[in-house]
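Below, each chain spelled out in residue letters.
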Amino acid sequence: MSDSAGGGESGGVAAAGQDSEADGEPPQQALPSLCPSERGPAETPEDGPPPSAKRSRRSEEEQGLRDGVTAQEHTAASPQRTAELQLPEGADQRAEEAADPEDLAECRQNGDRGPAAAAGGEEARAEEERGDEEAADSPAAGQHLDLDFSQNPSMLTGSWTEYSSFPENYLKGCKWAPDGSCILTNSADNVLRVYNLPPEIYSYSWDSIPEMSPVLRMAEGDTVYDYCWFPKMNSLEPDTCFLASSSRDNPVHVWDAFYGKVRASFRPYNHLDELTAAHSLRFSPDGEQLYCGFDKMVRVFCTERPGRDCEERPTVVKKQGQSGIISCFAFSPCQSVYACGSYSRCAGLYSCQDGALLALLPTRHHGGLTHLLFSPDGNYLYTGGRKDPEILCWDLRDPGKVVFSLKRNVATNQRIYFDLDPSGRYLLSGDTGGVVSVWDTHTAPPDGNEELLQPQIRFQAHWDCTNGISVHPFMPILATSSGQRQFPWPTDSEGDSASDTEGGGGVALQQEIRQDNALTLWWAGPLSPPAEESRDQNTAAAEAPGVPSV
């Protein structure tokens, strides 16, 4: 294992006894418990290790929230925003009906819950507790993603200097953190980078947004196959801030998203007891398990037990099933079902309990599958492949039926991501030519039969391949990544004339100009600041995701 990968197999959990772990014994220390009730009182930054780069870039308001200060202390200039943080949506509406808004704000500043809480009694308090629990579970609870694709999105900022020091350092996708506080990228130099969301975006000060710089760099030892966030990640709870990555000839590494160090390692072994690398990764929705894809095999690790112990789930039994390398995963948001895509150009549906094959979708793609997505209601599955000109929408209530297809230009074997907004209405994808297409899936006929759905808008995001796109969890912000491996144009023999050499130089120059390796953020919402009430609500949710109950 290379030293550049944070110590390789010896990285694991800090002081976890790696010698016994390598022998197949359970590690002496597992990943920190993910349940807040099991962790006990939260540690303050003064009691723990020195602040990391990511924590130092967090705003003072969020630091105050972690230290337990009340909402009205850090938003004294905005009483209405304080009310939004303290009350769920239903209770706030009843309070406005029962009292004057100015009186209500005054009550909030004095630490009172307002007239509605006193009048509602136990029912109001119970509803408030439920609202606080929902806010702690999801940073986007009660928020509305106001995407507007009536016009092309506006570019906000990006990062391009970071990828210019290494030759052909093209990106390989980008993924927003589940709480929306930062974004993760992968690139050809085998380094995972974490960027914080620029704070200027909250105030609509877009002209003053500087170029983004990563706050963390995590170097893998070889080509990165796949990477993913922990689904319960919340920046206010450091124990949940980690991600997993898999690289060639290396174990699966779990990285601490605050300090950029390897927190744990999962080591899959094949039938010859040789270390083998996972081609795809995905945490289960509850974060309890880590699914890894291999050739005709899925291995499931327990998140809290790093090491080599895992459950093996073959996808081919008695020469029947889903063959090929499992290249991508997706979990149904409504049922205990997950989907696997493979390079054999097919997708399969499996049970999360025992890995039993539930359905094998027909082979309709021209190339191996590289990305899967479930719709929010769990009724549809979107599949896309490499060197494949379309994304297919499958109706899982009638397995094997394609409802509609979406055309895109994918001319290489590169993984081209696509994404859905949280409502499931808009599907976005880049292509090899750098164009981003946006489709409104609600315009498709419900009883369609493989109809071609036309995009609502198409815009040129990059001059090179747009391989990654990710929609912010609760803000109208898009992130795109670009670049691809460039092959030199064929050159003439050495005996060519000087004029031919100059012509070849012109072709080389043209090829160099065509490169565009960058991470870019786009605004896909209203261009003017919204009403003060909704603006305060969205800003509070963006700056303090998952605020725990006080």
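Within each chain, residues carry numbers counting from 1 in the order of the written sequence. Local features are withheld for residues below a pLDDT of 70 in this predicted model, meaning they are given only at 70 or higher, and side-chain atom pairs are given and counted only at 80 or more; totals for whole chains, interfaces and linings count all residues. Side-chain numbers here rest on the full set of heavy atoms in the structure, without hydrogens or water.

This part is about the sheet that holds strand S30 (residues 477-482). At least two DSSP bridges between two strands are needed for those strands to be called paired. Helical segments are the DSSP runs of H or I of at least four residues, strand segments are the runs of E of at least two, and each set is numbered from the N terminus. In space, the four strands of this open sheet follow the order S1-S31-S30-S29, with antiparallel pairing throughout. Looking at which strands have only one partner, the edges of the open sheet turn out to be strand S1 (154-159) and strand S29 (466-471). The mean angle between the axes of side-by-side strands here comes to 25 degrees, regardless of whether they run parallel or antiparallel. In this structure, S1 lies alongside strand S31 (residues 519-523), joined through five bridges in antiparallel fashion. The residue bridging Ser 154 from the neighbouring strand is Trp 523, located in S31. Between the N-to-C directions of two axes lies an angle of 0 to 180 degrees, each axis being a line fitted to C-alpha atoms and, for a helix, fitted only over the stretch in contact.

Okay, the side chain of His 371 next. Its place among the elements puts His 371 in strand S20 (residues 369-374). In what follows, residue pairs with any heavy atoms lying within 4.5 Å of each other are defined as contacts. The residues touching His 371, leaving out its near neighbours within four places in the chain, are Cys 328, Tyr 382, Thr 383, Gly 384, Tyr 417 and Phe 418.

Let's shift gears to the packing of aromatic side chains. For Phe, Tyr and Trp, rings pair up if their centres lie within 6.5 Å, where Trp contributes its six-membered ring, and each pair is then called stacked (planes under 30 degrees apart), edge-to-face (over 60) or tilted (otherwise). If you walk through the whole model with that rule in mind, you get 13 aromatic pairs. Aromatic side chains Phe 149 and Tyr 426 sit 4.9 Å apart centroid to centroid with 70 degrees between the ring planes, which places their arrangement in the edge-to-face category. Taken together, the residues span a long stretch of sequence, with Phe 149 in the loop between helix H10 (122-137) and S1 and Tyr 426 in strand S25 (residues 426-429) at a distance of 277 residues. On the basis of relative accessibility, which here comes to 2%, the residue Phe 149 falls in the buried class. The buried category is assigned to Tyr 426, whose relative accessible area is 9%. Between Tyr 291 and Phe 329 the ring centres are 6.2 Å apart and the planes differ by 65 degrees, which places this aromatic pair in the edge-to-face class. Taken together, the positions of Tyr 291 in strand S11 (residues 289-294) and Phe 329 in strand S16 (residues 326-331) put the pair 38 residues apart, joining distant regions of the chain. Summary of the burial criterion: residues with accessible area below 20% of their type's maximum are buried, those above 50% are exposed, and those between are partly exposed, where the area comes from a 1.4 Å probe applied to protein chains only.

Below, the discussion takes up the nonpolar core. In these notes, a set of buried Ala, Val, Leu, Ile, Met, Phe, Trp, Tyr and Cys residues joined through side-chain atoms within 4.5 Å is what counts as a nonpolar core. Ranked by size, the top nonpolar core spans 21 residues in total, and within it Leu 197, Ile 201, Met 475, Ile 477, Leu 521 and Trp 523 carry the most contacts. For this core, the elements supplying multiple residues, two or more each, are strand S2 (171-176), S30 and S31. Not counting chain neighbours up to four residues away, the residues in contact with Ile 201 comprise Leu 156, Trp 206, Ile 209, Met 475, Ile 477, Leu 521 and Trp 523. In this structure, Ala 177, Val 224, Tyr 227 and Ala 257 belong to the second largest nonpolar core, which totals 19 residues.

By the secondary structure assignment, Ser 481 is in strand S30. In this structure Ser 481 comes out as buried when scored by relative accessible area, which is 0%. Between the alpha carbons of Ser 481 and Leu 171 there is a distance of 6.0 Å; along the sequence they are 310 residues apart. Ignoring anything within four residues of it in the chain, the contact list for Ser 481 reads Leu 171, Gly 173, Cys 174, His 462, Cys 465, Thr 466, Asn 467, Gly 468 and Ala 518. Counting of polar contacts relies on pairs of N or O atoms within 3.5 Å, with two restrictions inside protein: one atom must be capable of donating a hydrogen and the other of accepting it, and residues adjacent in sequence are counted only when both atoms are side-chain atoms. Looking at Ser 481, its side chain comes within polar contact range of the main-chain nitrogen of Gly 173, at 3.3 Å. In this structure the side chain of Ser 481 is engaged in a polar contact, spanning 2.8 Å, whose partner is the side chain of Asn 467.

Our focus in this paragraph is unusual backbone geometry. With phi around 60 degrees, Asp 249 is a residue other than glycine that occupies positive phi space. Looking at the element boundaries, Asp 249 is found in the loop between strand S7 (242-247) and strand S8 (252-256). Despite not being glycine, Arg 345 shows a phi value in the positive range, around 75 degrees. Checked against the element boundaries, Arg 345 lands in the loop between strand S17 (337-342) and strand S18 (347-351).

Salt bridges are defined by distance alone: a side-chain nitrogen of Lys or Arg within 4 Å of a carboxyl oxygen of Asp or Glu. Considering all chains together, one arrives at 13 salt bridges under this definition. Notably, a salt bridge pairs Glu 162 with Arg 217, separated by 2.8 Å at the nearest N-O pair. Within this pair, whereas Glu 162 is found in the loop between S1 and S2, its partner Arg 217 is found in strand S5 (residues 216-219), the two being separated by 55 residues in sequence. Arg 425 serves as the salt-bridge partner of Asp 440, at 2.9 Å between the closest nitrogen and oxygen. One end of the pair, Asp 440, is in strand S26 (residues 435-440); the other, Arg 425, is in the loop between strand S24 (418-420) and S25, and 15 residues separate them in sequence. Judged by its relative accessible area of 32%, Arg 425 is partly exposed.

We now examine the side chain of Asp 419. Tracing the chain through its elements places Asp 419 in strand S24. Under the convention used here, Asp and Glu are negative, Lys and Arg are positive, and both His and the chain ends fall outside the count. Nearest to the buried, unbridged Asp 419 among oppositely charged side chains is Arg 282, at 8.8 Å. A polar side-chain atom of Asp 419 sits 2.8 Å from the main-chain amide nitrogen of Val 471.

What follows is about the environment of Pro 476. Along the polypeptide, Pro 476 turns up in the loop between S29 and S30. A relative accessible area of 9% places Pro 476 in the buried class. Between the C-alpha atoms of Pro 476 and Pro 153, which are 323 residues apart in sequence, the distance is 9.6 Å.

This brings us to the sheet that holds S16. Note: strands within a sheet are paired through backbone hydrogen bonds, in either parallel or antiparallel orientation. Ordered in space as S16-S17-S18-S19, the four strands form an open sheet in which the pairing is antiparallel. The open sheet is flanked by S16 and strand S19 (357-360), the only strands paired with a single partner. Averaged over all adjacent pairs, the angle separating strand axes in this sheet is 25 degrees, with direction ignored. Relative to S19, S18 runs antiparallel, the two being bridged by three bridges. Bridging across to S19, Gly 348 finds its partner in Leu 360.

Coordinates in, geometry out; function isn't part of it.
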